[in-house]
Amino acid sequence: MNGETIKTLVKDWRVVLVLLLVVGSLVGIYLAPPNPEKGIEGNLQFGLDLEGGSWLQMEFQSVVVAFSTDGSAGDLMEDLRTDLETEVIRIDENHLEIRKGVTQTDLEPIFAQSGASIVTYQKGVSEFTADEVKRILNEKVNALGMQDARINLLTPTGSDYPQYVRIELAGVDMATAQEIVGQQGLFEIRVQTTGNETEHVLYGDQITSVGVPQRDYDGRWGVGFSFTETGAEAFREAAIESGAVDNPDAHHLVMILDNETVYSAPLDRGLAGQLRSAPVSSLSASTGTGDAGLDDAMTLQIHLRAGALPVQVEIVGSGSVPAALGEQFKTTVALAGLLALLAVGIVVYYRYREPSIVIPMVAINLAEIVILLGIARFIIQLDLATIAGLIAVVGTGIDQLVIITDEVLHEGRVPSPNLYMKRYGRALGIIAIAAATVFIAMLPLALMDLSTLRGFAVVTILGVLIGILVTRPAYGKIIMAILSK
Amino acid sequence: MEFVRYDVNKYSPRQMVALPLVLLLLAGVLLGYTALATGLPITPGIDFAGGTAVTVFTSDSRETIEAAFAEYPVLSVGEGIGDGRYIQFGPMDDAQYQSLVGIINERYPDAKIDQIGETFGKTLQSQASLALVFSFIGMAVVVMIAFRNLVPAGTIVLAAFADIVITAGVMQIIGIPLSLGTTAALLMLIGYSVDSNILLTTRLLKRKGKLEEKLAGAFRTGIIMTTTTLTAIAAMWVVATAGQIQIIAEIASVLLIGLFVDLMNTWMLNAGILKNHILRGNKR
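Calculation rules
Residues numbered from 1 in each chain as written. Chains lettered and ligands numbered in written order. Predicted model: local features only at pLDDT ≥ 70, side-chain atom pairs only at ≥ 80, totals over all residues. Heavy atoms only, no water. Helix = DSSP H or I, 4+ residues; strand = E, 2+ residues; numbered from the N terminus. Buried < 20%, exposed > 50% of the residue type's maximum accessible area, 1.4 Å probe, protein only. Contact = heavy atoms within 4.5 Å. Areas by Shrake-Rupley, 256 points an atom, 1.4 Å probe, with all protein chains shown as cover. Lys, Arg positive; Asp, Glu negative; His and termini not counted. Charge placed at Lys NZ, Arg CZ, Asp CG, Glu CD. Domains from an automatic or database assignment. Buried area = accessible area lost by both parts, 1.4 Å probe. Polar contact = N/O pair within 3.5 Å; in protein donor to acceptor, adjacent residues only side chain to side chain. Salt bridge = Lys/Arg side-chain N within 4 Å of Asp/Glu carboxyl O. Pairing = 2+ DSSP bridges. Axes fitted to C-alpha atoms, helices over the stretch in contact; angles between N-to-C directions.

Asker: So what exactly am I meant to see when it comes to the overall build of chain A here?
Answerer: Across its full length, chain A holds 15 helices and 16 strands. Taken over the C-alpha atoms alone, chain A extends approximately 105 × 55 × 40 Å along its principal axes. Looking at chain A residue by residue over its 485 residues, the buried ones come to 54%. For chain A, the proportion of contacts with a sequence separation of at least 24, taken over those separated by at least 6, is 71%. Carbon and sulfur atoms make up 55% of the accessible area of chain A, which totals about 21600 Å². Positive and negative side-chain charges in chain A, numbering 33 and 56 respectively, have mean positions lying 17 Å apart.

Rendered as structure tokens:
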């Protein structure tokens, strides 16, 4: 290649674009931000199986039912609550979230008995509940100072509601991961006696259910909760003995979670009156009006549950990789990638025996991988399957460079520029159709929440796109410039 | 390379399509029979049937491992090159699973463990079949739009279908289970197989010149294309198998089988039908 050829090439926007993207990718991986202690890995994100850690996939024990009724929805909900002994939440006009893993067959008689019928039945929880689960898990993980946690809600394709939550914790073994998820805090209610002194009333085990934030007629937000019989009795006794029923303002009720005060307020006058005559088992803790009140109510609700999730979950899948093994896998896949590239280089050399074709081919292939990694760094973590996709891209990439080369070098001679452009266009046409099919074939896998092969599909699709839009057109230009000398 | 000696112009269309069609039929019968007997066309792996998979590096032999886990439902112990072992267990209840994890952690602290529940496996299964169906339909639509001619487009779709069915048949015979990884590989195959078929179809239908020459030229390019892909995948397979990376080894082996099957389907089935189509068109 002489100076003249290089000059023509550098002026071609296709070639310039490839160079820019390669440089940009390298900057993204190594310089923005600089990460020298990671060495050659730079800013690449690795999945659990290469980094080491544990994952748990849990299924919500809950269903969402669309119903129709001639009677009142409130009665239906009440019937469901008593029959199933579980929380029932109204999501909207005609959807209920039943926080128990009941089958449709078991639900039907209860609906029939309340003069209602089931329109649709789906496993899962409402967005609202799902977000709450995510927030609680996040809080737990953050409380332990863990940085590398990923919590994802998963909705199976074809369903409208999140049915699973997947949590990935880097650098944590399975036993610890299960402990974190299952762990509950110690919740206690105390009553103020004299000054700042408080006295124990009851523990969280006396709370049977916790509702969702609701607004009362004054516009104040609050969270309803109920006590067991013993709990209600203990609460009444403490309220009377401490003097809270007579002078609520001097005797706040204090809620404590893991030794931290999370709520403190006086008894409501009306409630104080009721407590004088009998134990009360259903209460509501109000948090104030407006958005601030709602936010506080949300937090309080989580605290009342003492870190327990609002719905029961069942572990349906789990796994762990020790960090040392992940490190070993990393080396192995890097080796596989290099070997694949080398092998491909040897095969094309064997076919063309012409360094001026083979070197640009391999170089373009390498550029494609660098650009792919540069984009991947921002959108996906590299796991084993993703790297398999990357290597598969090397395979298809070379495939299509061969199509271009053979198309333009028809009968072993370099054609005139006019004919060249025609053939080059035809080659790109073949590649475009092939690219479109790969894109479509991998799309379902890339869009599905449940597949752990998302990375594989995303990398394949990206590879195809970069190939057809950037690197292959550039290759056509390079090979033309080199051969037309 | 053995297949390079194959002369695409030597045989009549009828001879060319015979072998792929017979194999397609046989594979179809095998998968159909398995589906009737077990409910699934291919024996499912851990991902779809539920169970536990353990990857461990140890000098313990298969017998030692089987003896150590005699109380648990061991399905198979795979031995890689070197010290890698891949142990699969069938579904078990939570208590048994916890005790198994305890034993593994004690015996092989550096093991990779993955567990999938039985019902969750079923969900994954239905999601995977959904993906397969959507992919195939999507591919067919793209090909139809691209060629707007029933015979060539239909032939490409048939070749892709034959690729998947025959590859699945071979998987079932040599015992590669259906898992998330192998499903992805089958999807990938849809993309791969279309590559060389499109090249063939475009060259034969859109270029001018003698049929024999066009066919021979397309074949030369097609072979080198598939060989390079095969080489890349083979390299991946060798390293992943040696390094006991099960998911990559599975993906790679399905792609390897699929690419060989695709060579046959492209240069015998697809080429045969197209040749027949063009010859008949010329007579009219």
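Asker: Quick question: what am I supposed to make of the domain arrangement of chain B here?
Answerer: Quoted interface sizes are often the accessible area lost when the parts come together. All names here are of chain B. When its domains are assigned, chain B resolves into domain 1 (2-45 + 119-283) and domain 2 (51-116). In this structure, domain 1 and domain 2 have C-alpha centres spaced 35 Å apart. On the side of domain 2, nine residues touch domain 1, which itself brings eight residues to the contact. Across the domain 1/domain 2 interface, buried area totals approximately 650 Å², and carbon plus sulfur atoms make up 68% of it. Its largest share of buried area at the contact with domain 2, domain 1 owes to Ala 242, Gln 244 and Gln 246, together 66% of the area lost on that side. Along the contact surface separating domain 1 from domain 2 lie zero residue pairs in polar contact (both at pLDDT 80 or more). Broken down by secondary-structure element, the contributors of at least two residues to the side of domain 1 that touches domain 2 are helix H5 (118-147) and helix H8 (211-242). In terms of residue count, H5 provides more of the side of domain 1 that touches domain 2 than any other element does, three residues in total.

Asker: What should I look at first to understand the interface of chain A and chain B in this one?
Answerer: Taken residue by residue, the interface counts 64 residues in chain A and 64 residues in chain B. The junction of chain A with chain B conceals about 5500 Å² of combined surface from both sides, 73% of it contributed by carbon and sulfur atoms. By the criterion of area lost to chain B, the three top residues of chain A are Asp 399, Ile 433 and Thr 437 of chain A, representing 10% of everything that side buries. Arg 203 of chain B is the salt-bridge partner of Glu 407 of chain A, the closest N and O atoms lying 3.0 Å from each other. Summed over the shared surface of chain A and chain B, the number is 12 residue pairs in polar contact (both at pLDDT 80 or more). For the side of chain A that touches chain B, the secondary-structure elements that each account for two or more residues are strand E1 (53-60), helix H7 (174-182), strand E16 (313-321), helix H11 (323-352), helix H13 (384-408), helix H14 (417-447) and helix H15 (454-483) of chain A. Sort the elements by how many residues they give to the side of chain A that touches chain B and H11 of chain A lands first, with 16 residues. Of the pairings in the sheet, the one linking E16 of chain A to strand E4 (residues 112-116) of chain B comprises four bridges and is antiparallel in character. When the sheet's bridge partners are listed, Gly 319 of chain A is paired in E4 of chain B with Asp 114 of chain B.

Asker: How do you make sense of the sheet that holds strand E2 (residues 63-69) of chain A when you look at a structure like this?
Answerer: Whenever strands of a sheet pair, they do so through backbone hydrogen bonds, lying parallel or antiparallel. Residues and elements named next belong to chain A. Overall, antiparallel pairing links the four strands, which are arranged E3-E4-E2-E5 in an open sheet. Looking along the sheet, the strands with just one partner apiece sit at the ends: strand E3 (88-92) and strand E5 (116-123). Taking the axes of each pair of neighbouring strands and ignoring which way they run, one obtains an average angle of 30° across the sheet. Sitting on the sheet, helix H4 (residues 73-84) touches E2, E3, strand E4 (95-98) and E5, and the angle it makes with E3 is about 145°. Packing of helix H5 (residues 104-113) onto the sheet brings it into contact with E2, E4 and E5, and relative to E5 it is tilted by some 155°.

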